[in-house]
Amino acid sequence: MAKAKSAFVCTECGAEYRKWQGQCSSCQEWNTLSEVRLSAARPGAASGGGGRGGYAGAVSREVVELSNVDLGEVPRLTSTFEEFDRVLGGGLVPGSAVLLGGHPGAGKSTLLLQTACKLAQQRRVLYVTGEESLSQVAMRAHRLQLPTQGLQMLAETSIETILGVAERERPEVLIIDSIQTTHLEDIASAPGGVAQVRESAAALTRFAKQSSTVLMLVGHVTKDGTLAGPKVLEHMIDASLLLEGGADSRFRTLRGQKNRFGAVNELGVFAMLEHGLKEVKNPSAIFLSRSEEQAPGSLVMVVWEGTRPILVEVQALLDDSALGNPRRVAVGLDQNRLAMLLAVLHRHGGLFTGDQDVFLNVVGGVKVLETSADLAVLLAVVSSLQSRPLARELVVFGEVGLSGEIRPVPSGQERIVEAAKHGFRRAIVPRANAPKQAPEGMEVVAVDKLADALEAL
């Protein structure tokens, strides 16, 4: 019997070492090496007769000039959800591997079960569950009132068995729920370990590439929201999606973190209802459910997510601080950028907030990752500081520089048009984003400096 070998693998970058060391030489992280037991090499693996040959699909041992490669369009499969297809870049690509992560209770299994049941009415789909029994999955499908005819189910955690069934059934879509529960027989470590997750994902991805099967994996996340398991897992797959949404919110956002077949900044919005997830085709409508009475510190901004603009409300609250070091709390925005913007407001706007606790919140649980929210944040802070409500029909966007200048943002005219569609009649925007002709009924105020924007209020 071949002797099992062991290695030390970095959980952050996947680098392997023969012996333990405190710091990973590849990613410079400390205390990330864990010992894994590796299986002995199988006969024929080194010569190409078995093992890992053809990982990326059909093996081509001839050198081909790039200009001679066939550019035939690969037909995409619809996931039956327009928002899901948007994040994927237009649909599911045959032979691709998609990893769906999210916190417990976010709705990962619900989303994939809904997708599988609807896809099974037209295509061959195999749903493999390693966390629930078949009766539990059937109960959830019945509760969600989903069509169950045609969906092939398998309760299994062994990769060898799963691949054997997949070879026999030849599904067009293979769903694994979840990758952390699967294991290979010839690897001694427990399911969920670094070696098991890495090798299981590699075997499944290899099968998907060689058989042109759409592979969809469910992945767990850690406490800080990152995908659990080795970092090399994200390098193996073609698309990494994250389903976000707290237990106190009925809305879920699906955001792409990696996508080889589309943009990575697309955002899909779903609502968790009694009968499962329902896509929200007009996200601006749900994020603009404001109260009738306008309060100080409330302002609407236009952010750009992927290929469309979304209108969201930002709220600011300033209060006299009883602490020597006033608090700066930002929910949905970068807290360090908030501190920087407050310094710009003091230096170039003449408004001092050093004795105030500043609380900032983006309504609806949206995470704003771009700088177009800078001007809206500062004007909301000014509104709360002066206890002066802003007009309900006002919309603002623009980046603020350290010297107080208002910088332009991408797709400025499309943002203004979207705001006009939702009934907004006044917009404060960077001068470079001002259109030559404003939409009908919309007054566009172009500003160059922060002082100009404060005066326009």
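Not measured: the values here are computed from a predicted model. (Residues numbered from 1 in each chain as written. Predicted model: local features only at pLDDT ≥ 70, side-chain atom pairs only at ≥ 80, totals over all residues. Heavy atoms only, no water.)

A.B. asks: Where do I start with helix H4 (residues 159–169) in this structure?
C.D. replies: For an α-helix, the turn length of 3.6 residues means that residues three or four places apart are oriented alike. Within H4, burial applies to Ile159, Ile162, Leu163, Val165 and Ala166. All buried residues of H4 fall inside an arc of 160° around its axis, so they share one side. Considering only its buried residues, H4 is in contact with strand E5 (125–129), strand E6 (152–155), strand E7 (173–177) and helix H5 (194–211). Once H4 ends, the next one or two residues include arginine 170, with phi positive near 50°. (Buried < 20%, exposed > 50% of the residue type's maximum accessible area, 1.4 Å probe, protein only. Helix = DSSP H or I, 4+ residues; strand = E, 2+ residues; numbered from the N terminus. Arc of directions from axis to C-beta. Contact = heavy atoms within 4.5 Å.)

A.B. asks: Please explain the pattern of salt bridges as it appears in this structure.
C.D. replies: Oppositely charged side chains are able to pair whenever their charged atoms sit close together. Summed over all chains, the structure comprises 20 salt bridges. Across the salt bridge formed by arginine 168 and glutamate 169, the nearest N and O atoms sit 3.7 Å from each other. Overall, arginine 168 belongs to the exposed group, its relative accessible area being 59%. Aspartate 374 is the salt-bridge partner of arginine 337, the closest N and O atoms lying 2.6 Å from each other. Highlighted residues: arginine 337 in helix H8 (residues 335–349) and aspartate 374 in helix H9 (residues 374–385), separated in sequence by 37 residues. Accessibility expressed as a relative area gives 23% for arginine 337, which makes it partly exposed. The class for aspartate 374 is buried, based on a relative accessible area of 3%. (Salt bridge = Lys/Arg side-chain N within 4 Å of Asp/Glu carboxyl O.)

A.B. asks: Looking at this structure, I do not really get the pairing of strand E11 (residues 267–273). What am I missing?
C.D. replies: Regular strands show a simple pattern: their side chains alternate between the two faces of the sheet. The buried count for E11 comes to 5 of 7 residues, which makes it a mostly enclosed element. In terms of strand pairing, strand E10 (residues 251–259) meets E11 through 5 bridges, oriented antiparallel. Along E11, the bridge assignment pairs arginine 255 with leucine 267. Hairpin connection from E11 to strand E12 (residues 276–279): 2 residues lie between these consecutive antiparallel strands. (Pairing = 2+ DSSP bridges.)

A.B. asks: Help me out: how do you make sense of the packing of helix H2 (residues 108–119) against helix H3 (residues 134–143) in this one?
C.D. replies: Pairs of packed helices are described in terms of their axes, by the angle between the two and the distance that separates them. Interaxial distance between H2 and H3 falls to 11 Å at its minimum, and their mutual angle equals 75°. Taken together, the axes of H2 and H3 are roughly perpendicular relative to one another. Contacts between H2 and H3 involve Ser109, Thr110 and Leu113 on the former and, on the latter, Val137, Arg140 and Ala141. When its residues are assigned to classes, the contact of H2 with H3 shows 3 nonpolar, 2 polar and 1 charged. (Axes fitted to C-alpha atoms, helices over the stretch in contact; angles between N-to-C directions. Parallel < 35°, antiparallel > 145°, perpendicular 65-115°, else oblique. Nonpolar A, V, L, I, M, F, W, Y, C, P; charged D, E, K, R; others polar.)

A.B. asks: Even after reading the chapter, I still don't get the packing of aromatic side chains, so can you show me in this structure?
C.D. replies: The geometry of an aromatic ring pair comes down to the distance between the two centres and the angle between the two planes. Considering all chains together, one arrives at 1 aromatic pair under this definition. Ring centres 5.8 Å apart and planes at 80° place the aromatic pair phenylalanine 81 and phenylalanine 270 in the edge-to-face group. Separated by 189 residues along the polypeptide, phenylalanine 81 in the loop between strand E3 (33–38) and helix H1 (82–88) and phenylalanine 270 in strand E11 bring together distant segments of the chain. For the pair phenylalanine 81 and phenylalanine 270, a shared accessibility class is recorded, and that class is buried. Above the face of the phenylalanine 397 ring, arginine 415 is positioned so that its terminal group lies 5.6 Å from the ring centre. (Phe/Tyr/Trp six-rings, centres within 6.5 Å; stacked < 30°, edge-to-face > 60°. Lys NZ or Arg CZ within 6 Å of the ring centre and 35° of its normal.)

A.B. asks: I keep staring at the environment of arginine 425 and nothing clicks. Help me out?
C.D. replies: Within the element layout of this structure, arginine 425 appears in the loop between helix H10 (412–421) and strand E20 (426–430). Residue class for arginine 425 comes out partly exposed when judged on its relative accessible area of 39%. Taking C-alpha positions, arginine 425 is 9.1 Å from arginine 392, a pair spaced 33 residues apart along the chain. Leaving out residues up to four positions away in the same chain, arginine 425 has contacts with Glu393, Ala420, Gly441, Met442 and Glu443.

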